[in-house]
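Structural overview
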Amino acid sequence: MKHRIPTRRLLIILFWIAVWQTVSMIIQNDIIFVGPADVVRSFFLLLPSPEFWLSIGRSFARISIGFACAFACGILAGSLAFRFRLLGELLDPVMMLIKSIPVASFVILALIWIGSDNLAVFISFLVVFPILYVNTISGLQSTDRKLLEMASVFSVGLPGRIRHIYLPALLPYLTSGCKVALGMSWKSGIAAEVIGVPAHTIGENLYMSKIYLATSDLFAWTIVIILVSALFEKLFLELIVRLAGRVQHGFPVSSSTVPALGEPTASMPGKLTAPMPGEPMAPASAAPFRLVLRDLAKSYGSLHIWQNLDADFMSGRIYCLMGTSGSGKTTLFRILLGLEQADAGNISVFPDSSAPARDLVAVFQENRLCESFSPLDNVLLTTGRSCSRSQIYRELCRLLPEESVTRPVSTLSGGMKRRVSIARAVLTPTRGILMDEPFTGLDEDTKKLVISYIKEKTAGKLLLISTHQEEDVVLLGGELLRLF
């Protein structure tokens, strides 16, 4: 079947060449319409000429410069317009104007302003810029808001957010925009050269072919435009694909990251091993941590979730929060994480949040992982410099099959993703961790192993877990709190 598709395409091409030849034979006028044989002859006559290659080089350089500038400026302007709403509103009329005015009008104005030499650069830029601008905004608007909330909770910096969250959302839109913009840049750039007639360009040769009624040369130069445009498109899109692959798969694991043979590491969740000697993980906050809730109230319209909610949580203890669905467990967690505001009451932290460690991080109900990145990259995103790459690798190997640690998260099972989200929370430097139904998707044996790991890694920290299973309270050795 694989060999049939190219053959079929070849036959289609041959069919249209035959139609072309037939039409030329019917018309029998080389000025009005020439056949494929005459065009091929003209093409091969052009090939040895230095002028031929000079014209291609000059046009290619100018259109490429225009496209590259528009590509960079479109992404930059689109990103700024997405970030600053007022700027976007100011640029909207300009974009509408650029898209509405005919290219010929811009060409005439550009001839007055800058002359013919750089005309193709200007016109290519003008045509491509709004396409990349609009696609950049659309791509950024498609960013997963839950991932942005996760990044806020874990205090992920702007470089990390760009690489792990914004770029994966932007790349499909960028690729789609480039497929349209690349063709448009060549069509508009050559059209500008035909009107401006700069020396030693493809546009000049097209114009001269028209003047001398050399229809076969006109067709030959058109084929050149198609071939060069297709090559440029293929090369640029390949660059985008490689960039996407680098972004999605992160950095390769070096030999220094992988534990040497004989070092104690588990390839499957089973025996929990201790961290390697000489490579201690980031310690939990040594100072006592206290979280106090007083008279918290939350409502959604006429629906009162809870009122006058009081609680006092201390570090070094595990609290298990239980309640019926709709009792407000997730809402409480979102308020504690700063993702929502309570209607009344106050939350106090002792000592205050001037401590270097984050106050609270979370295991959300959803995994909220960067799917195109590996578990290793997902954890490194939040731990920063507190843990080395090799340390994170070893810790993940205690919870996951070793071969899955560097695979994209999208290829993992639901239970494996859950373990990654738990590892991310417990390995991130923090004074307290909120876990919203963290054992969803885990079988009983794996759950027991994960609970042992959590207890080991969160010793001395405040741990608040919501669950529907009373047996989880027993396994965790926690204090049961009921929310009504």
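Preceding block: the structure.
To start, this report covers the structure provided alongside it. The residue count restarts for each chain, going from 1 along the sequence in the order it is written. Totals for whole chains, interfaces and linings use all residues, but because this is a predicted model, local features are given only for residues with pLDDT of at least 70 and pairs of side-chain atoms are given and counted only at 80 or more. The basis for the side-chain values is all heavy atoms of the structure; hydrogens and waters are excluded.

A few points about the overall build of the protein chain
Numbering of helices and strands runs from the N terminus, with a helix taken as a DSSP run of H or I at least four residues long and a strand as a DSSP run of E at least two residues long. Scanning the protein chain from terminus to terminus reveals 16 helices and eight strands. Within the protein chain, the fraction of its 484 residues that count as buried is 46%. In what follows, a contact means two residues having at least one pair of non-hydrogen atoms within 4.5 Å. Residue pairs at least 24 apart in sequence account for 77% of intrachain contacts in the protein chain once pairs closer than 6 positions are excluded. In the form shown here, the protein chain has an accessible surface area of approximately 24,300 Å², with 64% of it arising from carbon and sulfur atoms. Residue exposure (1.4 Å probe, protein chains only): buried if accessible area is under 20% of the type maximum, exposed if over 50%, otherwise partly exposed. Using the Shrake-Rupley algorithm and a 1.4 Å probe, accessible areas are obtained, with residue cover drawn only from the displayed protein chains.

Details of the pattern of salt bridges
Any two side chains of opposite charge can pair if their charged atoms end up close together. By salt bridge we mean one thing: a side-chain nitrogen of Lys or Arg within 4 Å of a carboxyl oxygen of Asp or Glu. This model, assessed by the stated rule, comprises 23 salt bridges. Here Arg398 ties to Glu456 by a salt bridge, and the two come within 2.9 Å at their closest N and O atoms. With Arg398 in the loop between α13 (389-397) and α14 (414-427) and Glu456 in helix α15 (residues 444-457), this residue pair connects regions lying 58 residues apart in the sequence. Take Arg398: its relative accessible area is 3%, and that puts it in the buried class. Linking Lys447 and Asp472 is a salt bridge whose minimum nitrogen-to-oxygen distance equals 2.9 Å. Of this pair, Lys447 sits in helix α15 while Asp472 sits in helix α16 (residues 470-476), and the two are 25 residues apart along the sequence. You'll find Lys447 and Asp472 in the same group, each marked buried. When salt bridges that share partners are traced, they join Lys146, Glu149, Lys298, Arg334, Glu340, Glu366 and Arg368 into one network.

Purely geometric stuff here, so don't read any function into it on its own.
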